[in-house]
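# Reading the structure
Listed below, chain by chain, are the residues.
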Amino acid sequence: TFRAHWPLWFQGNYKSGLAHVDLGPGTTNFYFLKRGKKDVVIAPFEVTRKLELTTGIDNIHIPGSSGNHDYLSTLEGYYRVTLEEQSILVFNNTGCLHHFTNIVEEGVCPIA
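Our next topic: the environment of Asn-59. If you trace the backbone, Asn-59 turns up in strand S5 (residues 59-61). On the basis of relative accessible area, Asn-59 is assigned to the buried category, the value being 12%. In this structure the C-alpha to C-alpha distance between Asn-59 and Thr-94, which are 35 residues apart in sequence, comes to 8.7 Å. Leaving out residues up to four positions away in the same chain, Asn-59 has contacts with His-20, Val-21, Asp-22, Leu-23 and Thr-54. A polar atom in the side chain of Asn-59 sits 3.3 Å from the side chain of Asp-58.

We now examine unusual backbone geometry. Positive phi values are uncommon outside glycine, yet Gln-86 reaches one of about 65°. You can see Gln-86 is positioned in the loop between strand S6 (79-83) and strand S7 (87-91). We note that Glu-106 has phi near 50°; this positive angle belongs to a residue other than glycine. You can see Glu-106 is positioned in the segment after strand S8 (98-103). Judged by its relative accessible area of 83%, Glu-106 falls in the exposed class.

What follows deals with the side chain of Asp-22. In this structure, Asp-22 sits in strand S1 (residues 20-22). A polar atom in the side chain of Asp-22 sits 2.9 Å from the side chain of Asn-93. At 3.3 Å, the side chain of Asp-22 and the side chain of His-98 are in polar contact. Setting aside chain neighbours within four positions, we find Asp-22 in contact with Asp-58, Asn-59, Asn-93, Thr-94 and His-98.

Let us now look at the packing of aromatic side chains. In the structure shown here, the tally under the stated rule is 2 aromatic pairs. Measuring from ring centre to ring centre gives 4.4 Å for Tyr-31 and Phe-100, while their planes differ by 35°; the resulting arrangement is tilted. Of this pair, Tyr-31 sits in strand S2 (residues 29-33) while Phe-100 sits in strand S8, placing them 69 residues apart in sequence. Aromatic pair Phe-91 and Phe-100: ring centres 5.9 Å apart, planes at 45°, arrangement tilted. With a relative accessible area of 6%, Phe-91 lands in the buried category. Three or more aromatic residues joined by ring pairs make a cluster, and in this case those are Tyr-31, Phe-91 and Phe-100.

Calculation rules
Per chain, residue numbering runs from 1 following the sequence as it is written. Owing to the predicted nature of the model, reporting of local features is limited to residues with pLDDT of at least 70; listing and counting of side-chain atom pairs is limited to 80 or more, with chain, interface and lining totals taken over all residues. Side-chain numbers here rest on the full set of heavy atoms in the structure, without hydrogens or water. A run of H or I in DSSP becomes a helix once it reaches four residues, and a run of E becomes a strand once it reaches two; helices and strands are each numbered from the N terminus. To sort residues, take the accessible area from a 1.4 Å probe on protein chains only and compare it with the maximum for the residue type: under 20% means buried, over 50% means exposed, and anything in between is partly exposed. By definition in these notes, contact holds between two residues if any of their heavy atoms fall within 4.5 Å. Between N or O atoms, a polar contact is any pair within 3.5 Å; within protein, one atom must be a potential hydrogen donor and the other a potential acceptor, and residues adjacent in sequence are included only when both atoms are from side chains. Only Phe, Tyr and Trp rings are paired, with Trp represented by its six-membered ring, and only when their centres lie within 6.5 Å; those with planes under 30 degrees apart are stacked, over 60 edge-to-face, the remainder tilted.

Listed below in structure tokens is the structure:
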């Protein structure tokens, strides 16, 4: 489903979303972090394609992954980075599992 409104779910002081793969046409995400920091996990396509995921509204995801990273021990491999303010992350959001967690420090909430 195409969302024609500003992505409000990318800002605020929520802890994290689900570990998920976006549904839709094959796309590459250019994710710009304007302010703050985020803990980011991305599983390569080769790992993602072997996972059994649950269907959501606009994604397929790992149930129960919001707010925790317990599922990481079940993945064959993944990348994990801290995305810093004024950084851009380019990745295949419709082919790779990804999980963003806000890092709230000194009252600064991330805005992407």
